[in-house]
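# Structural overview for review
Residue strings, one per chain:
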Amino acid sequence: NTKDCTHDCSSCGASCGIGPLPPGLFPQNEYVARMKELLKMRRALKLDAIMLFDELNNHYFTGLSCDSGFLSVTAEGPVFHTDPRYSVAAKRIAPWLETESLKKRSEESTSIARLCRSAKRIGIESNLPAGKFLKLKELLSGVEFIFVDAEISRLRSIKSKAEINAIRKSAAIN
């Protein structure tokens, strides 16, 4: 039943059946603006790609709450990679964002290797689990990995009007 949907069902089909968007999500243009800043950051740091695995960072830049997936940002643009449980919702909540559905967790490594086969410098988060980092180093030998935590924190610390209004509403409630 899509009569209660809080989005334009024409973007996902009139029978999406997923229901309304979770409360508190910002409008799509907020996430698009955040992604543009991330793309600028990639260029400024002369990175071939940025790989974000942290759930909170992925949510901040995409609006997607998902414990299984990662965001890749390359010269071709951003792509959210996740398993089929989340890919339908990802396409619905963030239709502006390309989504790749990974059938198995093991496909994550293959996807990264394909995306970054010619990369020389890749930005990653420093809180990446050691096993995942070692797997990346194995798959992408010769790549220089650059920690981008400070830059991500800087981007996240600059608040938009929508964020300031949300903070004010929250403060008024609490």
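Residues numbered from 1 in each chain as written. Predicted model: local features only at pLDDT ≥ 70, side-chain atom pairs only at ≥ 80, totals over all residues. Heavy atoms only, no water.

Our focus in this paragraph is the sheet that holds strand β3 (residues 77-82). Read across the sheet, 6 strands follow the order β4-β3-β2-β1-β5-β6 without closing on themselves; strand pairing throughout is mixed. Looking along the sheet, the strands with just one partner apiece sit at the ends: β4 (98-101) and β6 (144-147). Strand-to-strand twist across the sheet, computed as the mean angle between neighbouring axes with direction ignored, equals 25 degrees. As paired strands, β3 and β4 are joined by 4 bridges and run parallel to one another. Counted as the bridge partner of Phe 80 is Thr 99 from β4. Together, β3 and β4 form the strand contacts of helix α3 (residues 84-93), whose direction differs from that of β4 by roughly 165 degrees. (Pairing = 2+ DSSP bridges. Helix = DSSP H or I, 4+ residues; strand = E, 2+ residues; numbered from the N terminus. Axes fitted to C-alpha atoms, helices over the stretch in contact; angles between N-to-C directions. Contact = heavy atoms within 4.5 Å.)

Opposite charge on two side chains permits them to pair, given that their charged atoms come into close proximity. If you walk through the whole model with that rule in mind, you get 9 salt bridges. In this structure, Arg 85 and Asp 83 form a salt bridge, with 2.8 Å as the shortest nitrogen-oxygen distance. Overall, the relative accessible area of 13% leaves Asp 83 in the buried class. If you follow the salt bridges from partner to partner, you end up with Glu 30, Arg 34, Lys 159 and Glu 163 in one network. (Salt bridge = Lys/Arg side-chain N within 4 Å of Asp/Glu carboxyl O. Buried < 20%, exposed > 50% of the residue type's maximum accessible area, 1.4 Å probe, protein only.)

Counting 22 residues, the largest nonpolar core has Met 35, Leu 38, Phe 61 and Leu 71 as its most contacted members. Every element with two or more residues in this core is listed here: α1 (28-44), β1 (49-52), α2 (55-62), β2 (69-74), α3 and α6 (149-157). Per-element accounting of this core gives the leading share, 4 residues, to α1. Excluding residues that lie within four positions of it along the chain, Leu 71 makes contacts with Met 35, Leu 38, Ile 50, Met 51, Leu 52, Asn 58, Phe 61, Thr 62, Pro 78, Val 79, Phe 80 and Leu 97. (Core = buried A, V, L, I, M, F, W, Y, C linked by side-chain atoms within 4.5 Å.)

Below, the discussion takes up the confidence of the model for the protein. With 85% of its residues at a pLDDT of at least 70, the protein reaches an overall mean of 83. The low-confidence segment residues 1-21 (pLDDT under 50) makes 29 contacts with residues lying over four places distant or belonging to another chain. (pLDDT = per-residue confidence, 0-100.)

This part takes up the packing of helix α4 (residues 107-115) against helix α5 (residues 130-139). Packed helix pairs are characterised by how far apart their axes lie and by the angle those axes make with each other. Across the interface, α4 lies against α5 with an axial gap of 10 Å and an inter-helix angle of 45 degrees. Classified by the interaxial angle, the pair formed by α4 and α5 is oblique. Considering how the two elements wind past one another, α4 and α5 form a crossing that is right-handed. Counted together, Glu 108, Ser 109, Ile 112 and Ala 113 of α4 and Lys 132, Lys 135, Leu 136 and Leu 139 of α5 form the full contact between these two elements. Class assignment for the residues of the contact of α4 with α5 results in 4 nonpolar, 1 polar and 3 charged. (Parallel < 35°, antiparallel > 145°, perpendicular 65-115°, else oblique. Left-handed = near helix turned anticlockwise from the far one by under 90°. Nonpolar A, V, L, I, M, F, W, Y, C, P; charged D, E, K, R; others polar.)

Secondary-structure assignment places Thr 99 in strand β4. Classification of Thr 99 as buried rests on a relative accessible area of 14%. Sequence separation of Thr 99 and Val 79 is 20 residues, and the distance between their C-alpha atoms is 5.5 Å. Beyond its immediate stretch of four places on either side in the chain, Thr 99 contacts Phe 80, Thr 82, Ser 87, Ala 90 and Lys 91.

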